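# Structural characterization, general
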Amino acid sequence: MDTTCLRKPDGMQLIRHNMINGLFKKGIPSGAVLDVMSAVPRHLFVSDAFRYRAYDDISLPIGFGQTISKPSVIARMVQALSLTGVERVMEIGTGSGYQTAILSAVSGTVVSFERIESLYHRARTVLSGMGFCSNVTFIHSGDFRDIDGLFDAIIVAAGADILPVELLSRLGPNGRLVIPVSDGEGHRIKKYLKRQDGTVMEEEIGEAVFVPLVLN
Ligand code: SAH
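The paragraphs below set out a description of the structure included in this document. (Residues numbered from 1 in each chain as written. Predicted model: local features only at pLDDT ≥ 70, side-chain atom pairs only at ≥ 80, totals over all residues. Heavy atoms only, no water.)

### Details of the overall build of the chain
Within the chain one finds five helices and nine strands. Each helix (α) and strand (β) of the chain, taken in turn from the N terminus, gives the series α-α-β-β-α-β-α-β-α-β-β-β-β-β. On C-alpha atoms alone, the chain measures out to a radius of gyration of 16 Å, which is about the 17 Å that the 2.2 N^0.38 rule sets for 216 residues. Counting only C-alpha atoms, the chain reaches 50 × 35 × 35 Å along its principal axes. Going through the 216 residues of the chain one by one, you find that 51% of them count as buried. Looking at the chain as shown, the accessible area adds up to about 10000 Å², and 53% of this sits on carbon and sulfur atoms. Between the centroid of the 22 positive side chains of the chain and the centroid of its 23 negative side chains there is a distance of 4 Å. (Helix = DSSP H or I, 4+ residues; strand = E, 2+ residues; numbered from the N terminus. Rg over C-alpha atoms; globule rule 2.2 N^0.38 Å. Buried < 20%, exposed > 50% of the residue type's maximum accessible area, 1.4 Å probe, protein only. Areas by Shrake-Rupley, 256 points an atom, 1.4 Å probe, with all protein chains shown as cover. Lys, Arg positive; Asp, Glu negative; His and termini not counted. Charge placed at Lys NZ, Arg CZ, Asp CG, Glu CD.)

Encoded structure:
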């Protein structure tokens, strides 16, 4: 895991530090994910109009009817993947690229899908402008079947009506899938662990409201 490229001083360290303290007080355990979040400049992933709220624990619009999720939700979801810096990760819903930046710093490689072309281009530009994420492959597609192979971890940043079971077949042994699934009103964030013997364990790790996962 190389986070040196994230450590550029940008005058926002103190306000990010306060955000991390707030997340810690909300019961999010410290560790690699919060450490990385203390360095990622969230204000650069939203438009100027929302920058003053970039370090509040709220979701914010990113255009095209989409949102960047709350920092606490992103922290919980990424932590649930138990990444150690070597995993192959699939992200569905690049959005602003904020979560992609975090994933890139705590895993081996990331394949990130975004169905909205403008968001796909913008996230790539923002992340390359920051000089990191060489371990990320961005894909403009709404269909995760466009990439083959198994993944150690899959994270879905948009809310599914029902669990797309095909995602489970893309997990390798001990693979983890984190995905919000509709409960009729909002979404329950589910974690699925595929054991060595192929059986799957399900756990609920939180709830939130997400923009919809659009499947073809
Ligand atoms: N975590 C993101 C939030 C993205 S919002 C961030 O940090 O900004 C969810 C994104 O999922 C939206 O950009 C939406 O266009 C995208 N999306 C929805 N369904 C998708 C699909 N099937 N494949 C790829 N992207 C999808």
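There is more to say after this.
### A few points about the packing of aromatic side chains
Counted by the stated rule, this structure contains one aromatic pair. Judged by centre distance (5.6 Å) and plane angle (70°), the rings of Phe-45 and Tyr-98 are edge-to-face. Remark: Tyr-98 occurs in helix α4 (residues 98-106) and Phe-45 occurs in the loop between α2 (32-37) and β1 (60-63); sequence separation between them is 53 residues. By the burial criterion, Phe-45 is buried, and Tyr-98 matches it. In this structure, Arg-42 packs its charged tip against the face of Tyr-98, placed 5.6 Å from the ring centre. (Phe/Tyr/Trp six-rings, centres within 6.5 Å; stacked < 30°, edge-to-face > 60°. Lys NZ or Arg CZ within 6 Å of the ring centre and 35° of its normal.)

### Notes on helix α5 (residues 117-129)
Here α5 spans 18 Å end to end across 13 residues, near enough to the 18 Å set by a 1.5 Å rise per residue. Those residues of α5 that fall on the buried side of the exposure criterion are Leu-119, Tyr-120, Ala-123 and Leu-127. The arc that holds the buried residues of α5, viewed along the axis, is 105°, so those residues lie on one side. Every exposed residue of α5 that faces more than 90 degrees away from the buried side is listed here: Thr-125, Ser-128 and Gly-129. If you follow the buried residues of α5, they end up packed against β1, β2 (66-68), α4, β4 (109-114) and β5 (136-140). With its phi angle positive at about 75°, Gly-131 sits one or two positions after the end of α5. (Expected span 1.5 Å × (residues − 1). Arc of directions from axis to C-beta. Contact = heavy atoms within 4.5 Å.)

### Description of the site of the ligand
Close contacts around the ligand come from 24 residues, with Thr-67, Ser-96, Glu-114, Gly-142 and Val-214 the closest. Separating an oxygen atom of the ligand from a side-chain N or O atom of Glu-114 is a distance of 2.6 Å. Within the contact set of the ligand, a nitrogen atom lies 3.3 Å away from a backbone nitrogen or oxygen of Arg-115. Surface burial for the ligand is 99%, taken as the share of its 580 Å² of free accessible area covered by protein chains. Contributions of two or more residues to the shell around the ligand are made by β2, α4 and β4. At three residues, the largest contribution of residues to the shell around the ligand is made by β2. The residue inventory of the shell around the ligand, partitioned by class, reads 13 nonpolar, nine polar and two charged. (Near = heavy atom within 4 Å. Polar contact = N/O pair within 3.5 Å; in protein donor to acceptor, adjacent residues only side chain to side chain. Nonpolar A, V, L, I, M, F, W, Y, C, P; charged D, E, K, R; others polar.)

### A few points about the sheet that holds strand β7 (residues 171-182)
On the basis of which strands lie adjacent, the open sheet formed by seven strands has the order β5-β4-β3-β6-β7-β8-β9 and mixed pairing. Each end of this open sheet is capped by a strand with a single partner; those strands are β5 and β9 (200-208). Taking each pair of neighbouring strands and ignoring which way they run, the sheet shows an average axis angle of 15°. Pairing of strand β8 (residues 187-194) with β9, which is carried by eight bridges, proceeds in the antiparallel orientation. Residue pairing in the sheet places Ile-189 in a bridge with Gly-206 of β9. Packing of α5 onto the sheet brings it into contact with β4 and β5, and relative to β5 it is tilted by some 160°. (Pairing = 2+ DSSP bridges. Axes fitted to C-alpha atoms, helices over the stretch in contact; angles between N-to-C directions.)

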